[in-house]
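Residues per chain are reported as follows:
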Amino acid sequence: VNWGHILDGNIHLNIVTPGNFEYNPELHSIIENYVIREVIERGGSISAEHGLGIDKAKYLSQIKPSNVVNTMKSIKQLFDPKNILNPNKVLPS
C-alpha cells in the first residue's frame, strides 16, 4: 500500500501480505534494505515533514554527508545543551 504527497516527491510505504496483517520482521528487513538502497542511488531522503524518526536513524550517515550530520548535532546542542530532549534517539551524544 503506497500513499503520500507525490507532487513533492514523498511516498509512504506500508507492506501488507495478502491474508496476513501481522508484522513480518524478515519481510520488513528485505523491503527496507531495497527501498533505502534505491533512495540513496536516486539522491532521495529518508525523512520528510515529520522528521527522521528512530527507525531510520541508522541510515542517516548513508543519506547525509558528515558535515550535514555535524550541523544537525550543533543545532541540537544549541537548543538542548543538557541533552534532555530525546537523548540519543537520533543523534548520538
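Residues numbered from 1 in each chain as written. Predicted model: local features only at pLDDT ≥ 70, side-chain atom pairs only at ≥ 80, totals over all residues. Heavy atoms only, no water.

A. Layout of the layout of surface pockets. By volume, the second largest pocket is sized at about 160 Å³. Lining the second largest pocket, in full, are Gly53, Ile54, Lys76, Leu85, Asn86, Asn88, Lys89, Val90 and Leu91. Its residues assigned to classes, the lining of the second largest pocket comprises four nonpolar, three polar and two charged. (1 Å grid on protein atoms, 1.4 Å probe; cavity = no way out; pocket = protein on both sides within 12 Å on 5 of 7 lines; lining within 4 Å. Points joined across faces, edges and corners; volume = space filled by probe spheres on them. Nonpolar A, V, L, I, M, F, W, Y, C, P; charged D, E, K, R; others polar.)

B. View of a nonpolar patch on the surface. Among the surface-exposed residues, Ile75, Leu78 and Phe79 lie close enough to one another that they form a single nonpolar patch of about 370 Å² accessible area. Residue position: Phe79 is located in helix H3 (residues 66–79). (Patch = residues over 30% accessible without salt bridge, like charges linked within 9 Å, V, L, I, M, F, W, Y side chains within 5 Å. Areas by Shrake-Rupley, 256 points an atom, 1.4 Å probe, with all protein chains shown as cover. Salt bridge = Lys/Arg side-chain N within 4 Å of Asp/Glu carboxyl O. Helix = DSSP H or I, 4+ residues; strand = E, 2+ residues; numbered from the N terminus.)

C. The arrangement of helix H1 (residues 25–41) in detail. With 17 residues, H1 extends 24 Å between its outermost C-alpha atoms, agreeing within 8% with the 24 Å of an ideal straight helix rising 1.5 Å per residue. Those residues of H1 that fall on the buried side of the exposure criterion are Glu32, Ile36, Glu38 and Val39. Angular distribution of buried residues about the axis of H1 spans 160°; they occupy a single face of the element. Opposite the buried face of H1, at more than 90 degrees from it, the exposed residues are Glu26, Ile30 and Glu41. Contacts from the buried residues of H1 go to helix H2 (60–63). Its side-chain oxygen placed 3.1 Å from the backbone nitrogen of Glu26, Asn24 serves as the N-cap of H1. (Expected span 1.5 Å × (residues − 1). Buried < 20%, exposed > 50% of the residue type's maximum accessible area, 1.4 Å probe, protein only. Arc of directions from axis to C-beta. Contact = heavy atoms within 4.5 Å. Polar contact = N/O pair within 3.5 Å; in protein donor to acceptor, adjacent residues only side chain to side chain.)

Interpretation in functional terms is not warranted from these geometric data alone.
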